[in-house]
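# Coordinates in review
Each chain is listed here by its residues.
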Amino acid sequence: MLGTRMDATTLAQTEWDLVVVGGGITGAGVLLEAMRRPQTRGKKILLLEQKDFAWGTSSRSSKMVHGGIRYMAQGDFRLVRESLHERERLLREIPDLVQRQAYLFIVRGRQFPNRWAMAPIMWLYDAFAGIRDHQWLSKARLTQSVPQLDATHLKGAMYYTDALVDDARLVLRVLHEAVLEGGQVCNYMQVNHLSAHHTGGFDLSVSDALSQTEVTIHAKSVVNATGALADALSGTEKRVRPLRGSHLLIEHHRLPIEHSLTILHPRDKRPVFVYPWMGMTCVGTTDLDHTGDLRQEVDCTEEEVHYLLELMQHEFPAAHITQADIVSSFAGVRPIIASGRGLNPSQERRSHSVWTHQGVVTVSGGKLTTFRVIAHDVLRALGWIDEHQQRALWDTQERLFRHNVVFPNDLGNPKKAIEFNPAFLQTLAWIVQHEMVVHLDDVLLRRTRFGNTQSNGGCEYLPQIRTVCQKYLAWDDARWQFEQDRYLNIIQTHYSPPKTYT
């Protein structure tokens, strides 16, 4: 359990051995791996998140634990090998949350890569994972599996498997594990700046969003794991290129897809996914430079809606998918380490980077899938493990998730639709008691995905949800009204697609 949220004044009374700034998957992974090492036993380690856990990129990804077929084409074999190694570990250890999924890479005439180019790529892809499940599907078999797909110039598809996940629930699962290992976590706690202390270590100026107080927290070491915001605390020249990726969620009955389809967009030949997720059909992602305020919610733009609908109407013309079919949208900002070569956004590498400046270790970039590997690089930069120990951790058979936490049934199951029923209300009751909930959107957009998968954020169910929140969070009527207004504004402003396109 994540425990009771401490206020800033309480946190300032402890001398911390390490403060991890950032509550996405990277920061959560660093906290967990730091707490698990024998040489760090007894150390006081704290994670601080400026908003809610997984509020940023880690709740707005494409929901995949995967190797990345397109990274093979870029020659980034190390990243793919690491990702597939970690994918298989997660599939073994938390199969309720990370679930194997069938993928189809659609091939049409005069397209590259074609069947023959894909074959050696898929052989190597499976070899890295230690499995063999890829195969070629003929046009006849493909149209039987996906009858809605336009048959024009269709040759077939390469079948393989990767995995689906609820990314925010993965972050929370890692945080639960880290807390059970002795770590401390706190959300809605913003680190404004940090500086070296004259006696050693660091002073962090921290604002508590709940108490509206600002304190100084002392730490011997600091890890800056703030993703797209990493440049603000790194103390070095800018290295992060923020790239926005957006997705659309469509009612499953409008396009009942069972496989995850990888389709090259007719306009620019970028790979776009169309896949089942939590009872919906999800379409994404885009890849655009993001120039907005990184501390604010990110929106799916009209340009991106048009781009994704263009794919849908081209590939599934008989389905007649329009803007009216979009239940919700979501957008996130990927923290890409800039090459400095002015590359097209889709050509930038997805590898992570770790660097140190005046004692502060900064980490950014990378993939959801490789959080454990990224954490080991951070621990080595801190001097907490050496090269030999890091190599041993790569192939260790020690379980990553070794504590028995009993979660509500199907919480975070990426293949199960969320239904509003008594069991769901019981799940909400468990969440608000055990997962450091501060706001209503924490519950409905991250602890669960109810708000993402319902029209208008499920506003018609709010009276019943109110009963649970008021009972367990002691919210009076005024607080509930504030939370409801806040939530509906977030839904209407940031999770509802622009209405221009039809």
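Residues numbered from 1 in each chain as written. Predicted model: local features only at pLDDT ≥ 70, side-chain atom pairs only at ≥ 80, totals over all residues. Heavy atoms only, no water.

### A word on the state of the cysteines
Heads up, the rule is: Cysteine sulfurs are considered disulfide-paired once they come within 2.5 Å of each other. Burial classes: relative accessible area under 20% of the type maximum marks a residue as buried, over 50% as exposed, and values in between as partly exposed (1.4 Å probe, protein chains only).
Taken as a whole and assessed by the stated rule, the structure comprises 0 disulfides. Cys186 takes part in no disulfide bond, and the closest cysteine sulfur to it belongs to Cys469, at a distance of 19 Å. For Cys459, which is in no disulfide, the shortest distance to another cysteine sulfur is to Cys469 and amounts to 15 Å. Of the residues examined, Cys459 reaches a relative accessible area of 32% and is grouped as partly exposed.

### With respect to the packing of aromatic side chains
Under the convention used in this document: Stacked, edge-to-face and tilted are the three classes for Phe, Tyr and Trp ring pairs, Trp counted by its six-membered ring, which pair at centre distances within 6.5 Å; planes under 30 degrees apart are stacked, over 60 edge-to-face, the rest tilted. Labels follow the DSSP assignment, with helices taken as runs of H or I lasting at least four residues and strands as runs of E lasting at least two, numbered in each case from the N terminus. Look at NZ for Lys and CZ for Arg. If either is within 6 Å of the ring centre and within 35 degrees of the ring normal, a charge sits over the ring.
Per the stated rule, a full pass over the model turns up 10 aromatic pairs. Ring geometry for Phe450 versus Tyr461: centroids 5.6 Å apart, planes at 70 degrees, classification edge-to-face. Of this pair, Phe450 sits in the loop between α13 (440-447) and α14 (462-473) while Tyr461 sits in the loop between α13 and α14; the two residues are 11 residues apart in sequence, bridging distant segments of the chain. Among the aromatic residues, ring-to-ring pairing joins Tyr103, Tyr125, Tyr160 and Phe273 into one connected group. When the ring centre of Trp384 is taken as reference, the NZ or CZ atom of Lys43 above it lies at 5.2 Å.

### Things to note about unusual backbone geometry
A cis amide bond links Phe112 with the next residue in sequence, Pro113, at an omega value of 5 degrees. Take Pro113: it is sitting in the loop between β4 (99-108) and α5 (115-129). Cis geometry marks the peptide bond from Gly284 to Thr285, where omega comes out at 20 degrees. Counting through the fold element by element, Thr285 comes out in the loop between β14 (280-284) and β15 (288-289). The phi dihedral of Lys269 falls on the positive side, at around 65 degrees, and the residue is not glycine. Structurally, the position occupied by Lys269 is in the loop between β12 (260-264) and β13 (271-277).

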